[in-house]
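Residue strings, one per chain:
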Amino acid sequence: MSSTQEPDKSPNPPIEEVEKAVSEHLNKDGTIHQAELGLRAHRKHFFAPFDPAYAAAVHRDAESVEYTPEEEWAVKRKIDNRVLPLVVCSYVFNQFGGSASCIAYDNELNASALLILPPDRNNIGNAHVLPAFNANYGITNNDKWTLALSIFYVGYCLLEIPANTPHRGQSFFIALIFWGLASISFTFGKGYPALIALRVLLGIGEAGYYAGMIYYLSFWYKRHELALRISLCMTGTIPGTIGGLLAFGLVRAHTSVLEGWQFLFLIEAIPTLIMAFMILFFLPSFPFSASFLTPRQRAIAQARLNRDQKPQSHGGMNGWAGFKAIVTDINSWLFTVLYAGFNIGVATIAYFLPTLIRNLGFSSINAQGLTVAPYAVGWFMVLFQSWHSDRTKDRGFHVMGSCSVAFTGYIILATTVHRSVGAAYFAMFLVVGGVYSLFPLVMSWAANTFSPTSKRGVGTAFIVSISNCIAIAAPQIYFDPETDFRKGHAISAGCLILACLMAFTIRTRLSMHNKKNKATLAALSKDEKEKLEAKGGDVWDNDPRYVFMT
């Protein structure tokens, strides 16, 4: 009796799927899909967005491209050489453009000296102003100047989130344009209403810049590469190091047309405006549109990110959905408290560093020069903490360490400032290094925590916006000049304790989430895991596959 073999009734896959599978298998070079659309991304005109089809093509090439560690390293270095210098220079020149307005009125010592502290555009050094500047802008008392400082935050806080919601790419040049034009306007403006109006414009220009640049860098670098890059691009210690020396020379310039303070505004505005147009023309928006990379390198640049965090330059939830996702996420509020805690220290030390040094017995001019050293040393601490944090892939312990360093500095100031000049000056090094190293650590940690991409963009803006509202009142904690601001130092130290506790809480919480996600993944069946892997786009932060940095 012969047996008849049953025919194979399993359905054959469609020809299109077979061709796609073969194409993906052969696309080890990572250029096939880009070649179908042309070797460069296109857009209708200079200010139009890029064709999303090209972004999709690069993502498809990135799925199958194969590359060596050496090739990845070479691509990362090309990105470092093109993106980082432009972002660093834009931040430094933006600081200098803003520093032209960083002149605080001192009605106790109305000396002919000007101290500029530009480590952040909204942290205005408590310094001496030239009498000509006071007369020009009608600053007759300290209350008027305090109002001029606070009005900055109106546009800044209100517009921070909306300004950071769209994927704007190279449009950060708008902030530089605002700052450059405002600086020039300060040169020729006159009267107190003009001062108020210019401060409002400065706040509008600031909105979206700092958080936006952090968001922008997340499209180029892996999560464990962000802290070092942010520290290079956005640490206030860089302009703080040279700001005092710059002001020291500029305010002495004088012609029959311009006073010294007008030279300061004018000269600091010019490089800011030049940098704005360099950003506009030379800063690429996303890896898929980077003309300085070859098609294969664009695929590699995207692949290295997709295998780490899958940032999406197009599509996903809209800004409102991202906002709702952020306000309902407890992590965003914990990060906001953390940021606000150390930001009080940043604001106060930046406001009062020249005054603190002058109160140690130095002249105003010498105090101006002595602000340079703490920022120079602080810059090395910022770089070391960020580098070591990326190397160890740790954020929480490094944040707690920087909080402890700054806390120690404030305690020394609160207890010995009236007894030891050397100890007090040494403490300022600890404070500057500690609080400024927290910027890249905390913001890269926050960017690593939120996903999808649109939530990350809104989240970084939310933290900066809400936390900077505290900066309106931060200078008021230094209400005790008769006791060398010892109570103010103690309050700042207390805020850093709060920041340290928040860092501990966040780290513990995220570690528990990672353990829970690991257990959830282990319990999933093979089919359930395949369904998860089949999902396209970002891996959301509520997905069991998402691994939080701690």
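Residues numbered from 1 in each chain as written. Predicted model: local features only at pLDDT ≥ 70, side-chain atom pairs only at ≥ 80, totals over all residues. Heavy atoms only, no water.

## With respect to the overall build of the protein
- In terms of regular secondary structure, the protein is built from 23 helices and zero strands.
- Residues counted as buried form 58% of the 550 residues belonging to the protein.
- Partitioning the intrachain contacts of the protein with sequence separation of at least 6 by distance along the chain shows that 80% fall at a separation of at least 24.
- Just so you have it, the protein exposes about 22,500 Å², and 65% of that area is on carbon and sulfur atoms. (Helix = DSSP H or I, 4+ residues; strand = E, 2+ residues; numbered from the N terminus. Buried < 20%, exposed > 50% of the residue type's maximum accessible area, 1.4 Å probe, protein only. Contact = heavy atoms within 4.5 Å. Areas by Shrake-Rupley, 256 points an atom, 1.4 Å probe, with all protein chains shown as cover.)

## Some remarks on the packing of aromatic side chains
- Inspection of every chain in the model, using the stated rule, returns 17 aromatic pairs.
- Between Tyr-339 and Phe-439, the ring centres sit 5.9 Å apart and the planes meet at 70 degrees, which makes this aromatic pair edge-to-face. Of the two residues, Tyr-339 is situated in helix α16 (residues 330–358) and Phe-439 in helix α20 (residues 421–449); the sequence distance between them amounts to 100 residues.
- By relative accessible area, which is 2% here, Tyr-339 ends up buried.
- Overall, Phe-439 belongs to the buried group, its relative accessible area being 6%.
- Site record: aromatic cluster; members linked through ring pairs are Tyr-339, Phe-342, Tyr-375, Tyr-436 and Phe-439. (Phe/Tyr/Trp six-rings, centres within 6.5 Å; stacked < 30°, edge-to-face > 60°.)

## Things to note about unusual backbone geometry
- Cis geometry is found at the peptide bond from Ser-451 to Pro-452, where omega equals 15 degrees.
- When you line up the elements, Pro-452 lands in the loop between α20 and α21 (453–468).
- Of note in this structure, Lys-393 is not a glycine but carries a positive phi near 55 degrees.
- Non-glycine residue Asp-484 carries a positive phi angle of around 60 degrees.
- Within the secondary structure, Asp-484 is located in the loop between α21 and α22 (486–523).

## Side note on the environment of Pro-544
- The residue Pro-544 is located in the segment after α23 (526–534) in this model.
- Given a relative accessible area of 18%, Pro-544 falls into the buried group.
- For the pair Pro-544 and His-513, spaced 31 residues apart in the sequence, the C-alpha separation amounts to 8.8 Å.
- Setting aside residues up to four positions removed in sequence, Pro-544 forms contacts with Asn-517, Thr-520, Leu-521 and Leu-532.

## A few points about the side chain of Thr-449
- Within the fold, Thr-449 resides in helix α20.
- The class of Thr-449 is buried, set by a relative accessible area of 0%.
- Beyond its immediate chain neighbours, meaning those up to four positions away, Thr-449 contacts Asn-331, Phe-335, Leu-510, Asp-541, Tyr-546 and Phe-548.

## Description of the environment of Trp-333
- By secondary structure assignment, the location of Trp-333 is in helix α16.
- Here Trp-333 falls in the partly exposed class, since its relative accessible area comes to 37%.
- Look past the residues within four positions of Trp-333 in its chain and what remains in contact with it is Ile-326, Val-327 and Phe-462.

## Focus: the state of the cysteines
- For the coordinates displayed, the defined rule picks out zero disulfides.
- Its sulfur unpaired, Cys-500 is 5.2 Å from the next cysteine sulfur, which belongs to Cys-403. (Disulfide = S-S within 2.5 Å.)

## Some points on the packing of α20 against α22
- Direction vectors running N to C along α20 and α22 enclose 25 degrees, while the axes themselves pass 13 Å from each other. In terms of orientation, α20 and α22 fall into the roughly parallel class. Helix-helix and strand crossings are classified by hand; for α20 and α22 the assignment is left-handed. Across from Val-435, Leu-438, Trp-445 and Thr-449 in α20, the residues of α22 making contact are Leu-496, Ala-503, Ile-506, Arg-507 and Leu-510.
- Taken together, the residues of the contact of α20 with α22 break down into seven nonpolar, one polar and one charged. (Axes fitted to C-alpha atoms, helices over the stretch in contact; angles between N-to-C directions. Parallel < 35°, antiparallel > 145°, perpendicular 65-115°, else oblique. Left-handed = near helix turned anticlockwise from the far one by under 90°. Nonpolar A, V, L, I, M, F, W, Y, C, P; charged D, E, K, R; others polar.)

## Concerning helix α10 (residues 209–217)
- Burial of α10 is extensive: nine of the nine residues sit out of reach of the surface.
- Listed in full, the buried residues belonging to α10 are Tyr-209, Tyr-210, Ala-211, Gly-212, Met-213, Ile-214, Tyr-215, Tyr-216 and Leu-217.

## Concerning the side chain of Ser-492
- Tracing the chain through its elements places Ser-492 in helix α22.
- For Ser-492, a relative accessible area of 1% gives the class buried.
- Those residues in contact with Ser-492 that lie beyond four places of it in its chain are Thr-348, Tyr-410, Ile-477 and Tyr-478.

## Considering the confidence of the model for the protein
- Across the protein, pLDDT averages 78, with 76% of residues at or above 70.
- For the protein, per-element mean pLDDT is lowest for helix α1 (residues 15–26), which scores 52, and highest for helix α19 (residues 396–416), which scores 95.
- In the model, residues 1–5 has pLDDT below 50 throughout and makes zero contacts with residues more than four positions away in sequence or in other chains.
- Predicted confidence for residues 97–129 stays below pLDDT 50, and this span has 136 contacts to residues more than four positions away or in other chains. (pLDDT = per-residue confidence, 0-100.)

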